[in-house]
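Summary of the model geometry
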Number of protein chains: 2
Amino acid sequence: MTHPEHRLQEMVQRLKKKGLRITPQRLAVLGILARSADHPGVDRIYEQVKTDFPTTSLATVYKTLVLMKELGEVLEIEFSDTGNRYDGNKPYPHPHLICTECHKIIDPDLDTLAHMTRELTRDTGFKIVSHRLDFFGICPECQKKGVASEK
Amino acid sequence: MTHPEHRLQEMVQRLKKKGLRITPQRLAVLGILARSADHPGVDRIYEQVKTDFPTTSLATVYKTLVLMKELGEVLEIEFSDTGNRYDGNKPYPHPHLICTECHKIIDPDLDTLAHMTRELTRDTGFKIVSHRLDFFGICPECQKKGVASEK
DNA sequence: TTGGCTGCAAATATTTTGCACTGGC
DNA sequence: GCCAGTGCAAAATATTTGCAGCCAA
């Protein structure tokens, strides 16, 4: 999140290169993603977009997010209870530190899990209650299947 | 998942100690949770329960899961797209290895993040595509607020 | 000009809730 | 027998989709 405007231009260029259109609505959504450090949810994005472009619909916000996810320009952080959150600045997997009270999400920088909790507590003052660590991949069986039938 | 029946008894005892009732439906759900190593979803639990106790409703499955989550006897793993999954054997946060093809979930045992990916690839044959690492906690601001107003 | 994009509404999918009835203890 | 628990249906959420009209390129 060091250069929001630069990041916005990156995303815009990505769309152009793909021959996709730069509509005011899209520009508004991308702008919010580029300038947000706190991983906004769909509702927050929607509310903010409407201040700039009042006629924008929720569906368009969703469609834009799906599009950017497919382009690999936005990271979706899944939460079944409080709604998904989006990161347009670091669209690659990275650790998140989530407040279970205000649902704030920040990006800590650390290397190993062993000392992470201690490190986090010391550096952020957060009271770590729990964590989530998931790896996504393809199991050996599915790797074999996938060779022939690429979905 | 070394002693499914023992785990089931643990959960049953937990309910009894709390003065909660052991109904056939609950027993069926708990039994499935205790005997599952693959972190079933609500739908799978529901289907299985119905083979033993055909009149069971989906609502009851949900209610039982909520109850066990509150008692800390079941871990909920959130997935906004493919539905949440449940672990009744290790109801505490731990790493998961998820196949993005068949949605299988297994529990790897490792210590640090640094060598985890390499370790996982070597030990499981999985092709690691991505990962999810989240810490849950309470931020300094909320910790202060929380002192007075315990929700 | 034109086909990709938007907006609205309807459709899905998932989980929660209200309430009368029932059965565990 | 009492009241927690169940089952059904309606409600609440969250996200997706169909399609007519519009506008960015």
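Remember, predicted model here, so these are calculated numbers, not experimental data.

Some points on the pairing of strand β3 (residues 96-99) of chain A
Residues and elements named next belong to chain A. By the alternation rule, side chains of β3 split into H96 and I98 and L97 and C99, which are all buried. Two strands pair when backbone bridges link them, and β3 and strand β4 (residues 105-106) are joined in this way by 2 bridges, in the antiparallel orientation. Counterpart to L97 in the pairing with β4 is I106. Between the antiparallel neighbours β3 and β4 lie 5 residues, among them H103 with a positive phi of about 60 degrees.

So, the interface of chain B and chain A
Each partner contributes to the interface: chain B provides 44 residues, whereas chain A provides 43 residues. Interface area, chain B with chain A, both sides summed: about 4,500 Å², of which 59% is carbon and sulfur. Linking chain B to chain A there are 0 salt bridges. Applying the counting criterion to the chain B and chain A interface returns 4 residue pairs in polar contact (both at pLDDT 80 or more). Breaking the side of chain B that touches chain A down by element, the ones donating at least two residues are β3 (96-99), α5 (116-124), β5 (127-138) and α6 (140-148) of chain B. In terms of residue count, the dominant contributor to the side of chain B that touches chain A is β5 of chain B (12 residues).

Focus on the protein's contact with DNA strand D
In the vicinity of DNA strand D, 18 residues are found, and the nearest of them are Y62 of chain A together with T23, Q25, R26 and T60 of chain B. Considering the 4 Å shell around the protein, atoms of DNA strand D inside it are sugar or phosphate in 68% of instances. Note that a phosphate oxygen of DNA strand D is positioned 2.6 Å from one of the side-chain N or O atoms of Y62 of chain A. At 3.0 Å from a phosphate oxygen of DNA strand D is found a main-chain nitrogen or oxygen belonging to S57 of chain B. Going through the elements one at a time, α4 (58-70) of chain A together with α2 (24-35) and α4 (58-70) of chain B are the ones with two or more residues in the surface near DNA strand D. Residue composition of the surface near DNA strand D, by class: 6 nonpolar, 7 polar and 5 charged.

Digging into the packing of helix α1 (residues 4-17) of chain A against helix α2 (residues 24-35) of chain A
All names here are of chain A. At their nearest, the axes of α1 and α2 sit 8 Å apart, and the two run at 140 degrees to each other. Classed by the angle they form, the pair α1 and α2 counts as oblique. Of the two elements, α1 crosses α2, and the hand of that crossing is right-handed. Along the contact surface, α1 presents P4, E5, R7, L8, M11, V12 and L15, while α2 presents R26, L27, L30, G31, L33, A34 and R35. Residues of the contact of α1 with α2, tallied by class, amount to 9 nonpolar, 1 polar and 4 charged.

Remarks on the UniProt feature "binding site: Fe cation" (unreviewed entry) in chain A
The sites that UniProt annotates as "binding site: Fe cation" (unreviewed entry) are H131 of chain A. Relative to the helices and strands, H131 of chain A resides in strand β5 (residues 127-138). In this structure H131 of chain A touches P93, D134, F135 and F136 of chain B, once residues within four positions along its chain are discounted.

Points about the domain arrangement of chain A
Residues and elements named next belong to chain A. For chain A, the domain assignment lists domain 1 (1-88) and domain 2 (93-151). Counting each side, the surface lost to burial between domain 1 and domain 2 is near 720 Å², with a carbon and sulfur contribution of 60%. For the interface between domain 1 and domain 2, the tally reads 0 salt bridges. Taken together, the elements giving at least two residues each to the side of domain 1 that touches domain 2 come down to β1 (75-77) and β2 (85-87). A breakdown of the residues in the side of domain 1 that touches domain 2 according to their chemical character gives 4 nonpolar, 2 polar and 4 charged.

Brief notes about the relation of the copies chain B and chain A
Mapping chain B onto chain A calls for a rotation angle of 180 degrees and an axial translation of 0.0 Å; the resulting RMSD is 0.1 Å. The superposition of one copy onto the other is thereby described by a two-fold rotation axis. Within chain B, the C-alpha atom positioned nearest to the axis of rotation is that of L133 of chain B, 1.9 Å from it.

Rules of the game
- Residues numbered from 1 in each chain as written.
- Chains lettered and ligands numbered in written order.
- Predicted model: local features only at pLDDT ≥ 70, side-chain atom pairs only at ≥ 80, totals over all residues.
- Heavy atoms only, no water.
- Buried < 20%, exposed > 50% of the residue type's maximum accessible area, 1.4 Å probe, protein only.
- Helix = DSSP H or I, 4+ residues; strand = E, 2+ residues; numbered from the N terminus.
- Pairing = 2+ DSSP bridges.
- Contact = heavy atoms within 4.5 Å.
- Buried area = accessible area lost by both parts, 1.4 Å probe.
- Salt bridge = Lys/Arg side-chain N within 4 Å of Asp/Glu carboxyl O.
- Polar contact = N/O pair within 3.5 Å; in protein donor to acceptor, adjacent residues only side chain to side chain.
- Near = heavy atom within 4 Å.
- Nonpolar A, V, L, I, M, F, W, Y, C, P; charged D, E, K, R; others polar.
- Axes fitted to C-alpha atoms, helices over the stretch in contact; angles between N-to-C directions.
- Parallel < 35°, antiparallel > 145°, perpendicular 65-115°, else oblique.
- Left-handed = near helix turned anticlockwise from the far one by under 90°.
- UniProt positions renumbered as here; feature names shortened; annotations may be inferred.
- Domains from an automatic or database assignment.
- Least-squares fit on C-alpha atoms with pLDDT ≥ 70 in both.

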